[in-house]
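A structural walkthrough
The primary structure of each chain is shown beneath.
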Number of protein chains: 2
Amino acid sequence: MPIRLAPAVQNLINELQKLPGYGPRSAQRAAFHLLEDRTDQIESLRNALVNAKREVHHCHLCHTLTDDPDGICPVCRDNDRDHSILCIVESVGDQMALDSSMAWPGVYFVLSGRLSPVQGVGPADIGLPDLIERIDEGCKKDAFREIVVATSYTPEGDATAYYIIDLLKKRWPDLHVTRLARGLPSGIEIEYTDLNTIANAVYSRR
Amino acid sequence: MPIRLAPAVQNLINELQKLPGYGPRSAQRAAFHLLEDRTDQIESLRNALVNAKREVHHCHLCHTLTDDPDGICPVCRDNDRDHSILCIVESVGDQMALDSSMAWPGVYFVLSGRLSPVQGVGPADIGLPDLIERIDEGCKKDAFREIVVATSYTPEGDATAYYIIDLLKKRWPDLHVTRLARGLPSGIEIEYTDLNTIANAVYSRR
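The present account deals with the structure reproduced in this document. (Residues numbered from 1 in each chain as written. Chains lettered and ligands numbered in written order. Predicted model: local features only at pLDDT ≥ 70, side-chain atom pairs only at ≥ 80, totals over all residues. Heavy atoms only, no water.)

**What about the sheet that holds strand β3 (residues 82-89) of chain A?**
Residues and elements named next belong to chain A. Formally: The criterion for strand pairing is that DSSP finds at least two bridges linking the strands in question. In this description a helix means any DSSP run of H or I spanning at least four residues, a strand means any run of E spanning at least two, and both kinds are numbered starting from the N terminus. Orientation is described by lines fitted to C-alpha atoms, with helices fitted over the stretch in contact, and by angles between N-to-C directions that extend from 0 to 180 degrees. Here, residues are in contact when the closest pair of their heavy atoms is within 4.5 Å.
The strand order across the open sheet built from four strands is β4-β3-β5-β6, with neighbouring strands paired in parallel fashion. Across the chains shown, the open sheet's two edge strands, defined by having one partner strand only, are β4 (106-110) and β6 (177-179). Between one strand and the next, the sheet's axes are offset by a mean angle of 30°, whatever the strand orientation. Sheet topology places β3 next to strand β5 (residues 146-149); four bridges connect them, and they run parallel. Across the sheet, residue Leu 86 finds its bridge partner in β5, namely Ile 147. Packed on one face of the sheet, helix α5 (residues 92-100) meets β3 and β4 and runs near 160° to β4.

**Comments concerning the relation of the copies chain A and chain B**
For the record, the criterion: The copies were overlaid by least squares, fitting only the C-alpha atoms of residues that reach a pLDDT of 70 or more in each copy.
When chain A is fitted to chain B, the residual RMSD is 0.0 Å, and the transformation amounts to a turn of 180° plus an axial shift of 0.0 Å. Taken together, the rotation and translation describe the operation of a two-fold axis. Within chain A, the C-alpha atom positioned nearest to the axis of rotation is that of Arg 46 of chain A, 2.8 Å from it. Taken as a fraction of all interface residues of chain A, those also at the interface in chain B reach 100%, which identifies the copy contact as same-surface.

Here you go:
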């Protein structure tokens, strides 16, 4: 009779497997690690999940994650920022990376990922209706000077950007919509850079 | 003012980072994924953790994970197995891999990892006192014909095996203690096999 995993263990493996970066084997390893652990990590992870679920929600304005009780995140409340320029990003991770560069003086709108017809992720799933509403409000007050569509330069990120730009241009033909520059990354030898990146650096030379 | 993560989010990232295979960036990605998710994955993961913690415990005999209410796992209760031969493994994952090979007809003892003086993991941490007790009981009944020390052939696994074999030989000089064979793995060309493996295959030729 081969070894059968207890259903509770199998269920934990299934849940861990849904996390990004985990496959069947690594999820199994993580489950065994949690169940073996002598420091009661399973309890502290459970508490972290409960607390995060209770305390964290999406900012009413930019949809980033925040625990602010009045529902507006510190970035959207920051008077030192330029609230007339808005940067659209795919995720909180992207927002944090961009903001860490100290190069963006404006505010953000955080999507829930990117469009993916193959995986059934449509405009409403990534929060585009909320984005339109946000810009609508801003445009009523004649607030937005520029919208940067900062989705990643992957096929899906590109498609999402085209979709958003099309949407914005149809609705507000005069709105100034840009994308992040394409070109050579820092610290990379041209010789070892992929041809697509080199081509884009040539086309966008200035 | 740079973006600051909510403490509950940072805490969730810290907890996820303790899981095997996760570093700071991947744990952050997993935390954002859980908090973004529309299918309430955070709730199902929490439930899986609670259920696993409540239902799963270590088998009294072999220390594997089981949800059996009487505390003995199905393998230890299996009368079709040879209870006079015991295989010592490092983890439940190792036990499952070994058992899936259908080559081991005996029972197991599952350690909690391997000795690691650098990380402060000593004999009691991996459950060696319980192993001694288990073999002691078996030897009283003149039960064990053979003990296989099936730790992995890594430096720490090797050291753990030497430590265990030394322990067993001092206590029961007549006990037949073996290790898994070293040699060429299946489906690998000799040309592309590492020299250590080839050398061991030569020394252990038969």
